[in-house]
Amino acid sequence: MVAPLPTTTLRRQRGSSMIEVLVTLVIVSFGLLGLAGLQARLQTSEMESYQRSQALMLLNDMANRIATNRGSAAAYAVGAGVDSPLGAGMTCPTATSTMVQTDLREWCNALQGAGEILGGTGGTSVGAMIGGRGCVEDLGNGEYFITVAWQGLTPISAPPTSVACGLNSYNTSGSSCVGDLCRRTVTTLVRITIVS
């Protein structure tokens, strides 16, 4: 038979010390703060992705309109170097007597977000990019350079200066959005065959 050890030599630990609890709370707090920061970055990335997909759909829309109405393609030229761009902050054309006028009116409304209205009829248009603008440049020889520009949420590298649509329209003094660092653009080139 084994004799029991004296109780004075055995010290049993009961519970956790206050220091262990505090260290655990600090570690958990840093982890939760990291998750909150990650969530904020994910939301920004999701919004940037949404805006880019909207811009690509509107770019493709105008390219298809020009290709469909190729006989009047030169009349679509608006924006950089021609007039002011269509879209945010602009008054959309109201004439609808020709297919070109109707197309430019619908594209302008879409750039302003008419695809989704907050608060129903007469509410705020929210269905497109922030500050969406569109330009169609006639490069000659049946080539048309289409651009959609919008306001990004965070600064990155500026688009090339050769893409003039929305140039210097998205600079915000007192923020990091200067020098076109928050201007986003997508472009495409439409070629129309010229028949002599």
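Structure: see above.
Just so it is clear, the model here is predicted, and its values are computed rather than measured.

A. Main features of the side chain of arginine 184. Tracing the backbone shows arginine 184 in strand 6 (residues 183–191). Here the side chain of arginine 184 touches glutamate 48 through a polar contact of 3.0 Å, side chain to side chain. Within the structure, the side chain of arginine 184 is placed 3.5 Å from the backbone oxygen of cysteine 182, a separation counted as a polar contact.

B. Spotlight on helix 2 (residues 99–111). Taking 1.5 Å of rise per residue, 13 residues should cover 18 Å, and helix 2 covers 18 Å from first to last C-alpha, within 8% of that figure. Every buried residue of helix 2 is accounted for by Val100, Asp103, Leu104, Trp107, Cys108 and Leu111. Axial view of helix 2: buried residues confined to an arc of 130 degrees, hence all on one face. For helix 2, the secondary structure elements touched by its buried residues are helix 1 (18–68), strand 1 (86–87), strand 4 (133–140) and strand 5 (143–151). Downstream of helix 2 by a residue or two, glycine 113 has a phi angle that is positive, lying close to 95 degrees.

C. Structural context of the packing of helix 1 against helix 2. It is the contact of helix 1 with helix 2, at a shortest axis distance of 11 Å, that shows an interaxial angle of 180 degrees. Compared by their axis directions, helix 1 and helix 2 come out roughly antiparallel. Along its contact with helix 1, which presents Leu58, Asp61, Met62, Arg65 and Thr68, the element helix 2 presents Met99, Asp103, Leu104, Glu106, Trp107, Ala110 and Leu111.

D. Representation of the nonpolar core in the model. Residues Met62, Ile66, Trp107, Met129, Val136, Ile146 and Val148 are the most contacted members of the largest nonpolar core, which totals 26 residues. Of all the elements in the fold, those that place two or more residues in this core are helix 1, helix 2, strand 5 and strand 6. Sorting elements by how many residues they give to this core places helix 1 first, with 6 residues. In this structure valine 136 touches Met62, Ile66, Tyr76, Ala77, Val78, Trp107, Tyr144, Phe145 and Ile146, once residues within four positions along its chain are discounted.

E. Local environment of the state of the cysteines. Per the stated rule, a full pass over the model turns up 3 disulfides. Between the sulfur atoms of cysteine 92 and its disulfide partner cysteine 108 the distance amounts to 2.0 Å. Since a negative S-S torsion denotes a left-handed disulfide, the cysteine 92-cysteine 108 link at about -80 degrees is left-handed. One end of the pair, cysteine 92, is in the loop between strand 1 and helix 2; the other, cysteine 108, is in helix 2, and 16 residues separate them in sequence.

F. Spatial organisation of the pattern of salt bridges. Scanning all chains against the criterion turns up 6 salt bridges. Residue glutamate 48 pairs with arginine 184 through a salt bridge whose shortest N-O separation is 3.0 Å. With glutamate 48 in helix 1 and arginine 184 in strand 6, this residue pair connects regions lying 136 residues apart in the sequence. With a relative accessible area of 15%, glutamate 48 lands in the buried category. Assessed through its relative accessible area of 5%, arginine 184 is described here as buried. Its salt-bridge partner being arginine 191, residue glutamate 143 comes within 2.8 Å of it at the nearest N-O pair. Here glutamate 143, found in strand 5, pairs with arginine 191, found in strand 6; they are 48 residues apart in sequence, far enough to count as distant. Looking at arginine 191, the relative accessible area reads 59%, which means it is exposed. Through salt bridges with shared partners, a single network forms among Asp61, Arg65, Asp103 and Glu106.

Cut-offs used in this document
Each chain has its residues counted from 1, running along the sequence as written. In keeping with the model being predicted, local features are shown solely for residues with a pLDDT of at least 70 and side-chain atom pairs are shown and tallied solely at 80 or more, while totals for entire chains, interfaces and linings include all residues. Side-chain metrics rest on all non-hydrogen atoms present in the structure, leaving aside hydrogens and water. Only DSSP runs of H or I covering at least 4 residues are called helices, and only runs of E covering at least 2 are called strands; the numbering of each starts at the N terminus. Polar contact is defined as a pair of N or O atoms within 3.5 Å, subject to the rule that within protein one atom must be able to donate a hydrogen and the other to accept it, and that residues adjacent in sequence are counted only when both atoms are side-chain atoms. To estimate how far a helix should extend, the number of its residues minus one is multiplied by 1.5 Å. Remark: exposure states derive from per-residue accessible area (1.4 Å probe, protein chains only) relative to the maximum for the residue type, with buried under 20%, exposed over 50%, and partly exposed in between. Each C-beta atom gives one direction from the helix axis, and the arc is the one those directions make. Contact definition: two residues touch when any of their heavy atoms are within 4.5 Å. Axes, fitted as lines to C-alpha atoms, cover a helix only where it is in contact. Angles between the N-to-C directions of the axes lie from 0 to 180 degrees. In these notes the angle categories are as follows: under 35 degrees is roughly parallel, over 145 is roughly antiparallel, 65 to 115 is roughly perpendicular, and the rest is oblique. In this text, buried Ala, Val, Leu, Ile, Met, Phe, Trp, Tyr and Cys residues form a nonpolar core when linked through side-chain atoms within 4.5 Å. Here, a disulfide means two cysteine sulfur atoms that sit within 2.5 Å of each other. Salt bridge criterion: a side-chain nitrogen from Lys or Arg within 4 Å of a carboxyl oxygen from Asp or Glu.

Any link to function would need more than the numbers given here.
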